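Working through the structure, step by step
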Amino acid sequence: MGWKNPFKDVANSKPLFLTVYGTVLIGIVFSAIYVFSAVYSPESAFSWSLSQHVAPSSPNQTFDSSSPSLRVGGGVMAPMPQPQNGKLNPIWKPPPSDSKMPPLETFRLTKELVQERVKDNVIIATFGNYAFMDFILTWVKHLTDLGVENLLVGAMDTKLLEALYWKGVPVFDMGSHMSTIDVGWGSPTFHKMGREKVILIDSMLPFGYELLMCDTDMVWLKNPLPYLARYPEADVLTSTDQVTPTVSDDRLDIWQQVGGAYNIGIFHWRPTESAKKLAKEWKEMLLADDKIWDQNGFNDLVHRQLGPSVDDESGLVYAYDGSLKLGLLPASIFCSGHTYFVQAMYQQLRLEAYAVHTTFQYAGTEGKRHRLREAMVFYDPPEYFDSPGGFLAFKPSIPKSLLLDGEHNLETHFTLVNYQMKQIRNALVIALVLNRTLVMPPLWCRLDRLWFPHPGVLIGSMTRQPFICPLDHVFEVNTMLKAMPEEEFGPGINIREYSFLDNPLMPAKVKDSWLNVQLCQQGSENCQSNITNTAGVLRLPRHSNEETLKTVFSPLKDVKVIQFSSMQDAFEGFTDKIREEKFRKRVKRYVGIWCCVDSHTPGHIYYDIYWDEKPDWKPLPPQTPEDDHPHW
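We now turn to the structure provided with this report. This one's a predicted model, so the numbers in the text were calculated from it and none came from an experiment.

With their axes 11 Å apart at the nearest point, helix α4 (residues 133–145) and helix α5 (residues 158–167) run at an angle of 35° to one another. Considering only the axes of α4 and α5, their crossing is right-handed. Residues Met 133, Ile 136 and Leu 137 of α4 lie in contact with α5, whose contacting residues are Leu 160, Ala 163, Leu 164 and Lys 167. Broken down by class, the residue content of the contact of α4 with α5 amounts to 6 nonpolar, no polar and 1 charged.

Here it is, written out as structure tokens:
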């Protein structure tokens, strides 16, 4: 039987049937509208995409952790999607200056507080005390410059908490009551900070959000969230101390080939049952034994069972309890201090680095800061770029033979470094005499520096020879920056990193106030130190002494940057012998060690900034315990 026109039938029917038909049709229409609105309403819509979980509709809205979940991507447990709340509150927008600091309990870590900063179900977190304020501001600035604002900073002391609050940085109170000073690597307080990290992870995972946990001594160079979203099956993605590449592209490192420790300075956690179980056991392990280093504890747990691979494609591996899915972030682009500052592995592989962590360095917090400054990824205040007294720079002159000729061995390495060291010593003297801040030159090395015996560079690594090595490979950066008693060591000499004058943050008023100094032979034509030509070049006789330098440059105090064409034979000597003795005592402490020679104990060799005063000087390790001391 064919379909008839229902409206015609209704029109020809009796009133009772008209009423029935009308009621049914109206019901069908309203039901359709209800279903359509339920499916497509913005309030109830959600994305099935792994990275598109949206934020709560109200800052005060909470979700019970036992609420229903979606099983996404073959096993990752994600919270039910949340109503969209629009954009996050902007960072770097400080509270009104006439407002009062909220009560401390306002900053207590709760799910509601974290929820206010969550985006796409992800929160990025770091923590520290006031001593790391500049690292934290740098960390935040890099993320916000990348357009990433779903972040939170844990404050371990109220001084940091208040400082960040007034700068408009999202902050919470860790309740640590920590000292505000630098605690130093390996100290009991350092280990306490490590435990705080584990407690924090264990506290935040039950909130149901993905957690990207970072140390403050690293910076983000590229938004990592799209990369992490490529591995939705992973419970944990961690960085490593791997120094040889296992892949040449941006895939996860091949877990079977990674021999370096898993480094907990950068790692991403998903709120799965396996991840929460790991965090809980890790916390309990550390709280039960204060001698366990947090990173060692993590490595012990995840290596309890390692393998097999989760599949043939992702690079993930079953670890810990056999159900945790672990991925190792590629060391070429989630860089350690070695793969970034020494090998520049990402550049050689033509990749873009996502992050750099200041590991593998030798001068404490000051060394970490200096390395980031050398890479021009540290954010310093404007006054850092306009030092009172101005700056002194020079172009290092190094013969090609010292860089390239012969084997790369101890003798050629020390010959190269010593040649540069003598020029730097002259520059330190002139900076002292002129009361200027010395811009250190790039420092070339033939051999790497490590904590253990090695053949010059690590086998399998991509370290090129020679290479521009970080200053802390040769110099004790922390000593150079430390205040010393002036009555014993003379006035301090401020330094800047070799890339300082190329930094985009350098103000034009400094760059535009520049004088070039060319060294010339005393008595030669136009070698007159009291004349500056129209090109802004001053010709200074070689072998000038302290008094000559003062006389020549005292009228030029307002010039911001004075750059010497060379420091070779630039300085003859002090006229004030007491001042010279204090300077010598100071700079002898500026140089460190090279490490390490194999089959010899101790294997380190001390650098000597006055090596040229010892005709028989050779790069040898101490031969007896009594010889094992710096050249002071």
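That covers the picture; the talk isn't over yet.
Moving on to the packing of aromatic side chains. Inspection of every chain in the model, using the stated rule, returns 28 aromatic pairs. Relative to Tyr 346, the ring of Tyr 340 has its centre 5.1 Å away and its plane inclined at 10°; by these criteria the two rings are stacked. Note on accessibility: Tyr 340 and Tyr 346 belong to one class, buried. Between Tyr 362 and Trp 451, the ring centres sit 5.0 Å apart and the planes meet at 45°, which makes this aromatic pair tilted. Taken as a pair, Tyr 362 in the loop between β14 (355–357) and α12 (364–374) and Trp 451 in the loop between β17 (443–445) and β18 (467–469) lie far apart in primary sequence, 89 residues in all. Judged by relative accessible area, which is 12%, Tyr 362 ranks as buried. These aromatic residues form a ring-pair network of at least three members: Trp 220, Tyr 227, Tyr 231, Phe 334 and Tyr 354. Geometry around Tyr 362 places Arg 449 over its ring, the cationic atom sitting 4.3 Å from the centre.

In this section: the pairing of strand β6 (residues 210–214). Counting buried residues in β6 gives 5 out of 5 residues, a clear majority hidden from the surface. Alternating residues of β6 divide into Glu 210, Leu 212 and Cys 214 and Leu 211 and Met 213, and every residue in both groups is buried. As judged from the 4 bridges shared by β6 and strand β9 (residues 262–269), these two strands associate in the antiparallel manner. Note that in β9 the partner of Leu 212 across the bridge is His 268.

This paragraph deals with the sheet that holds β14. With respect to topology, 3 strands assemble into an open sheet ordered β7-β14-β13, the strand pairing being mixed. With partners counted over all chains shown, the strands left at the sheet margins are β7 (218–220) and β13 (334–335), one partner each. Pairing geometry for β13 and β14, over 2 bridges, is parallel. Bridge pairing in β14 links Phe 334 to Ala 355.

So, about the pattern of salt bridges. Under the defined criterion, the tally for this structure stands at 26 salt bridges. As a salt-bridge pair, Lys 422 and Asp 612 come within 3.8 Å of each other at their nearest N and O atoms. On the criterion of sequence distance, the pair formed by Lys 422 in helix α14 (residues 410–434) and Asp 612 in the segment after β26 (605–606) is long-range, its members being 190 residues apart. By relative accessible area, Lys 422 is classed as partly exposed at 30%. For Asp 612, a relative accessible area of 29% corresponds to the partly exposed category. Because the salt bridges share partners, they merge into one network encompassing Asp 386, Lys 509 and Lys 560.

Calculation notes
- Residues numbered from 1 in each chain as written.
- Predicted model: local features only at pLDDT ≥ 70, side-chain atom pairs only at ≥ 80, totals over all residues.
- Heavy atoms only, no water.
- Axes fitted to C-alpha atoms, helices over the stretch in contact; angles between N-to-C directions.
- Helix = DSSP H or I, 4+ residues; strand = E, 2+ residues; numbered from the N terminus.
- Left-handed = near helix turned anticlockwise from the far one by under 90°.
- Contact = heavy atoms within 4.5 Å.
- Nonpolar A, V, L, I, M, F, W, Y, C, P; charged D, E, K, R; others polar.
- Phe/Tyr/Trp six-rings, centres within 6.5 Å; stacked < 30°, edge-to-face > 60°.
- Buried < 20%, exposed > 50% of the residue type's maximum accessible area, 1.4 Å probe, protein only.
- Lys NZ or Arg CZ within 6 Å of the ring centre and 35° of its normal.
- Pairing = 2+ DSSP bridges.
- Salt bridge = Lys/Arg side-chain N within 4 Å of Asp/Glu carboxyl O.

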